[in-house]
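# Commentary on secondary and tertiary structure
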Amino acid sequence: GSFDRDELQSLLDRKGQTLSFSVVDHLRWDLKQIFDMAVSEEYLRRNPAFLLFTPRECRRAETRVMTLEEVRQLFSVLDIRERLIARLALLAGMRPGEIFGLKWARMEADYADIRQRVYRGDIDSPKSVRSVRHAALSDGLLISIDDWRAVSLDTNPDAWVFPSEKLTTPVAKDNCWRRGFLTKLKPIGLAWANFQVMRRTHSSLLKELDVDPSV
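The model shown is predicted, which means the values in this text are computed figures rather than measured ones. (Residues numbered from 1 in each chain as written. Predicted model: local features only at pLDDT ≥ 70, side-chain atom pairs only at ≥ 80, totals over all residues. Heavy atoms only, no water.)

Time to look at the environment of V132. With respect to the helices, strands and loops of the structure, V132 is situated in the loop between β3 (122-124) and β4 (133-136). Separated by 50 residues in sequence, V132 and L182 have C-alpha atoms that sit 30 Å apart. Not counting residues within four places of it along the chain, the set of residues in contact with V132 comprises I114, R115 and P126. (Helix = DSSP H or I, 4+ residues; strand = E, 2+ residues; numbered from the N terminus. Contact = heavy atoms within 4.5 Å.)

Put into structure tokens, the structure is as follows:
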């Protein structure tokens, strides 16, 4: 019962001098959850982390997005598999775990039925309730899917759309990025355009093109 809010806020203030805003903000959330549990288990009468705030002085990471020309460049240098993965991220706004968690049965006529994801090597449910959704597939994206289907070794409904060499497991995100993306993107100066950048670019370009987010 000796924890108090000032002590915990001082901890966040110190961390804010060396760590990024997102890391300190996660720490603030974790502290609140930990003390919520302590209160529910009756170890404490009140939650000293309830009113903590993330210091404004924390450094914020640069949030880069790609231009339309950089998107075209990226598509032009990637091989067929990686190009489809990038298109799903940039055009359909899918997270990498959702992309690598796709099976052919979930690829419908004009949308991807997102019901699972690959998270740290495990098959898991999507990030949130809202993440279970139908991701719209454009006409051009559907052509890319058909091209990839035509050269895939296994297109049975229960097969992975992007399998590993064993075919029985999905390809690992980090391996795919290191071997399939970086080797192509480094020479054109786009090594910084990782999956987070692609998803952020998806939102940015839709906003720039005045597309309703609900679409």
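Using the criterion set out here, one finds 7 aromatic pairs in the structure. Centroid distance F181 to F195: 5.5 Å. Interplanar angle 70 degrees. Geometry classified as edge-to-face. Of the two residues, F181 is situated in helix α7 (residues 173-185) and F195 in helix α8 (residues 195-208); the sequence distance between them amounts to 14 residues. The residues F181 and F195 share a single accessibility class, namely buried. (Phe/Tyr/Trp six-rings, centres within 6.5 Å; stacked < 30°, edge-to-face > 60°. Buried < 20%, exposed > 50% of the residue type's maximum accessible area, 1.4 Å probe, protein only.)

This brings us to unusual backbone geometry. The phi angle at E42 is positive, at roughly 65 degrees, despite the residue not being glycine. Note that E42 resides in the loop between α2 (21-40) and α3 (68-77). Despite not being glycine, L167 shows a phi value in the positive range, around 75 degrees. When you line up the elements, L167 lands in the loop between α6 (139-151) and α7.

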